[in-house]
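Now for the letters of each chain:
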Amino acid sequence: MKRVAVIYGGWSSEREVSLSSGRQMANAARAAGYDVVDIDAGRDLAIQLAEAAPDCVLNGLHGPWGEDGCVQGLLEFMGLPYSHSGVLASALAMDKLKSKAVYRDAGLTVAEDKRVTRAEAAASHALKPPYVVKPVAEGSSFGVLIVREGANSPPQELLGAGWHYGDNLMAEEFIPGRELTVGVLGDRALAVTEITTLRDYYDFDAKYQAGGSQHVIPANLPAHVTDAAMDAALRAHQALGCRGATRSDFRYDDKRDRLVILETNTQPGMTPTSLVPEQAAFAGMSFGALVAWMIEDASCQR
């Protein structure tokens, strides 16, 4: 019986999401017949893994450290086969500006952007409103601020005591329209989902609270837009050098027929409201089969 360490939790801003993802994957792996060791990852993760002595690692971490190449490097150093993307692809995808450089080189359409510090973004408009300010390396919409058209001043929330997302930010052109996402598994795109919400945008609560958003799968789109989104997600996955499961997010401005890729997630959520498990089910793969696929796909030098 293959012994699988499922690592989750950690200490990033996405800890609670990771706890949910990891526990669900661990339960599914047990149901599929694997010998599973649950690990709430601490800074002594190397010791935790050495004591567990797994045959492979199913990575359920989200956010900095667990999704940006750091833990992947540790697993490579320890010679433990692991799921999802490797060191370089994880680091590239986590950095929104670096990943957009890769997208441009691959011929994908991206929004206008500018690297700014927190002080610069709070002092004056980085771009002409409307635009978005977001941390360069966070997930789950943490730290995302929308500057509306006609705004007199830049976002002063950046200077508040509640800001915990660092000084390296990106200002990005606001793309009106529809929120789309496409999961990729290995070498195939799964489906296009449209995400709708009554909130101002697809923020943390919309993503993870029950009823916070609605997922329309398959998205009701013109055929050429569906094909373009599926193609772009697969091209982004390949251009970044990703492995396993990823999910790329898009905005589609239907008034201008403009599809823009925003980012690629190398550790897509595996919670009850997560998008990749929904898309896998739509494509005929149960949650248990999806988790088993990720375990069997695990390797080093990814």
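What counts, and where the lines are drawn
Residues numbered from 1 in each chain as written. Predicted model: local features only at pLDDT ≥ 70, side-chain atom pairs only at ≥ 80, totals over all residues. Heavy atoms only, no water. Phe/Tyr/Trp six-rings, centres within 6.5 Å; stacked < 30°, edge-to-face > 60°. Buried < 20%, exposed > 50% of the residue type's maximum accessible area, 1.4 Å probe, protein only. Helix = DSSP H or I, 4+ residues; strand = E, 2+ residues; numbered from the N terminus. Pairing = 2+ DSSP bridges. Axes fitted to C-alpha atoms, helices over the stretch in contact; angles between N-to-C directions. Parallel < 35°, antiparallel > 145°, perpendicular 65-115°, else oblique. Left-handed = near helix turned anticlockwise from the far one by under 90°. Contact = heavy atoms within 4.5 Å. Nonpolar A, V, L, I, M, F, W, Y, C, P; charged D, E, K, R; others polar. Arc of directions from axis to C-beta. Disulfide = S-S within 2.5 Å.

**Brief notes about the packing of aromatic side chains**
Tallied over the full model, the rule gives 3 aromatic pairs. Pairing Trp163 with Tyr165 gives two aromatic rings, centres 5.1 Å apart and planes at 90°, and the pair type is edge-to-face. Ring pairing ties together the aromatic residues Phe142, Trp163 and Tyr165, which thus form one cluster.

**Some remarks on the pairing of strand 7 (residues 168–173)**
Within strand 7, 5 of the 6 residues are buried, which leaves the element mostly enclosed by the surrounding structure. Bridging between strand 4 (residues 113–117) and strand 7 involves 5 bridges; their strand directions are antiparallel. The partner of Lys114 across the bridge, within strand 7, is Ala171. Bridge count between strand 5 (residues 131–135) and strand 7: 5 bridges; the pairing is antiparallel. The partner of Pro135 across the bridge, within strand 7, is Leu169.

**What about the sheet that holds strand 11 (residues 245–253)?**
Reading across from one edge, 10-9-8-11-12 is the order of the 5 strands in this open sheet, with antiparallel pairing throughout. In the strand order of this sheet, the two ends are held by strand 10 (214–216) and strand 12 (258–265), each with one partner. Between one strand axis and the next, the sheet turns by 30° as a mean value, whatever way the strands run.

**Some remarks on the packing of helix 5 (residues 96–105) against helix 8 (residues 223–240)**
Look at helix 5 against helix 8: their axes get within 10 Å of each other, and the N-to-C directions meet at 110°. Classified by the interaxial angle, the pair formed by helix 5 and helix 8 is roughly perpendicular. Viewed along their axes, helix 5 and helix 8 form a crossing whose handedness is right-handed. On helix 8, the residues touching Ser99, Val102 and Tyr103 of helix 5 are Ala236, Ala239 and Leu240. Along the lines of polarity and charge, the residues of the contact of helix 5 with helix 8 split into 5 nonpolar, 1 polar and no charged.

**Quick word on helix 3 (residues 70–78)**
Residues of helix 3 that are buried include every one of Val71, Gln72 and Leu75, and no others. Down the axis of helix 3, the buried side of the element spans an arc of 105°, and every buried residue falls inside it.

**With respect to the pairing of strand 11**
Most of strand 11 is tucked away, with 9 of its 9 residues classed as buried. Both faces of strand 11 are covered, namely the face carrying Ala245, Arg247, Asp249, Arg251 and Asp253 and the face carrying Thr246, Ser248, Phe250 and Tyr252. Pairing of strand 8 (residues 178–185) with strand 11 involves 8 bridges; the strand directions are antiparallel. Looking at strand 11, one finds that Val184 is bridged to Thr246. Bridge analysis of strand 11 against strand 12 gives 7 bridges, and the strand direction is antiparallel. Considered in strand 12, the bridge of Arg247 is made with Asn265. Linking strand 11 back to strand 12 in an antiparallel pair, the connection comprises 4 residues, with Asp257 at a positive phi of about 50°.

**As for the state of the cysteines**
Counted according to the given criterion, the structure contains 0 disulfides. No disulfide involves Cys70; its nearest neighbouring cysteine sulfur is the one of Cys242, lying 16 Å away. Residue Cys70 is classed as partly exposed on the basis of its relative accessible area of 43%. Relative accessible area serves as the criterion here: at 7%, Cys242 is assigned to the buried category.

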